[in-house]
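Observations on the model geometry
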Amino acid sequence: QVQLEESGGGLVQPGGSLRLSCAASGSNFGVNLMGWHRQVPGNQREMVALIDRDGRTIYNNSVKGRFTISLDNAKSTVYLQMNSVKPEDTAIYYCNANLWRAITGSMDYWGRGTLVTVSS
């Protein structure tokens, strides 16, 4: 069994910074890709940033230049450094991982979500 554990959410003022972390735990898996999505209640979930095991990244246009995603392969942990945050970044942020396991092949896993609130 694989689990994703997120941390780092909270309240931050506009223009401030926050770092989210998500660690994948379990046994006998390899990371294909990890990333972050976000959702405002009543809206669809949207991709924020993705990174693959080779370090290639994709960002939502709304966060380009402000957010940075990184991956520590040794720790199976993905980070999202959020700078110059705006009120519209307020959402529940979900960690997502596509992991490979011999018993299941490649599968998607989701964290429970962590709330980020940008407000003065």
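Our structure is the block above this text.
In what follows, the accompanying structure is described. (Residues numbered from 1 in each chain as written. Predicted model: local features only at pLDDT ≥ 70, side-chain atom pairs only at ≥ 80, totals over all residues. Heavy atoms only, no water.)

Overview of the packing of aromatic side chains
As a reminder, the rule being used: Stacked, tilted and edge-to-face pairs are distinguished by plane angle, under 30 degrees for stacked and over 60 for edge-to-face with tilted covering the rest, among Phe, Tyr and Trp rings (Trp via its six-membered ring) whose centres lie within 6.5 Å. A ring is considered to have a charge above it if a Lys NZ or an Arg CZ atom is located within 6 Å of its centre and within 35 degrees of its normal.
Within the structure shown, the criterion is met by zero aromatic pairs. Its end group placed over the ring of tyrosine 94, arginine 45 keeps NZ or CZ at 3.7 Å from the ring centre. Geometry around tryptophan 110 places arginine 45 over its ring, the cationic atom sitting 4.8 Å from the centre.

Let's talk about unusual backbone geometry
Only a minority of non-glycine residues have a phi that is not negative, and only a minority of peptide bonds are not trans. Formally: Only runs of H or I of at least four residues qualify as helices and only runs of E of at least two qualify as strands under DSSP, and these elements are numbered from the N terminus.
The backbone of asparagine 28 shows a phi angle near 55°, a positive value even though the residue is not glycine. With respect to the helices, strands and loops of the structure, asparagine 28 is situated in the loop between β3 (18-25) and β4 (30-39).

Quick look at the nonpolar core
In plain terms, the rule: Here, nonpolar core means buried Ala, Val, Leu, Ile, Met, Phe, Trp, Tyr and Cys residues that are tied together by side-chain atoms lying within 4.5 Å of each other. Each residue's exposure class comes from its accessible area (1.4 Å probe, protein chains only) as a fraction of the maximum for that residue type: buried when under 20%, exposed when over 50%, partly exposed otherwise. Any two residues having at least one pair of non-hydrogen atoms within 4.5 Å are treated as being in contact.
One finds Met34, Trp36, Val78, Leu80 and Tyr93 to be the most contacted residues of the largest nonpolar core, which totals 30 residues. Only β3, β4, β5 (46-52), β7 (67-72), β8 (77-82), β9 (91-101) and β11 (114-118) provide two or more residues apiece to this core. Counting residues per element, this core draws most heavily on β9, which supplies five residues. The residues contacting valine 78, other than those within four sequence positions of it, are Leu20, Ser21, Cys22, Met34, Trp36, Ile51, Ile69, Ser70, Leu71 and Cys95.

Description of the side chain of glutamate 6
Basically, it comes down to this: Think of it this way: Lys and Arg go in the positive column, Asp and Glu in the negative one, and His and the chain ends go nowhere. One side-chain nitrogen of Lys or Arg within 4 Å of one carboxyl oxygen of Asp or Glu is enough to make a salt bridge. Polar contact is defined as a pair of N or O atoms within 3.5 Å, subject to the rule that within protein one atom must be able to donate a hydrogen and the other to accept it, and that residues adjacent in sequence are counted only when both atoms are side-chain atoms.
Its place among the elements puts glutamate 6 in strand β1 (residues 3-7). No salt bridge is formed by the buried glutamate 6, whose closest oppositely charged neighbour, arginine 112, lies at an N-O distance of 7.3 Å. A polar contact is formed between the side chain of glutamate 6 and the backbone nitrogen of arginine 112, at a distance of 3.1 Å. Sequence-distant contacts of glutamate 6, defined by excluding residues within four places in its chain, comprise Ser21, Cys22, Trp36, Tyr93, Tyr94, Cys95, Gly111, Arg112, Gly113 and Thr114.

Focus: the pattern of salt bridges
Pairing is possible between side chains of opposite charge, provided their charged atoms come close. Applying the stated rule across the entire model yields five salt bridges. Between arginine 56 and aspartate 54 there is a salt bridge, with the nearest N and O atoms lying 3.2 Å from each other. Across the pair, exposure class does not vary: arginine 56 and aspartate 54 are exposed alike. Aspartate 89 is the salt-bridge partner of arginine 66, the closest N and O atoms lying 2.8 Å from each other.

With respect to the state of the cysteines
To keep things clear, this is the line we draw: Any pair of cysteine sulfurs within 2.5 Å is marked as a disulfide.
Under the defined criterion, the tally for this structure stands at one disulfide. The disulfide partner of cysteine 22 is cysteine 95, and the S-S distance across this bridge is 2.0 Å. Taking the sign of the S-S torsion, about -80° here, the bridge from cysteine 22 to cysteine 95 comes out left-handed. A residue pair is termed long-range when its members are at least 10 positions apart, and cysteine 22 in strand β3 and cysteine 95 in strand β9 qualify at 73 residues.

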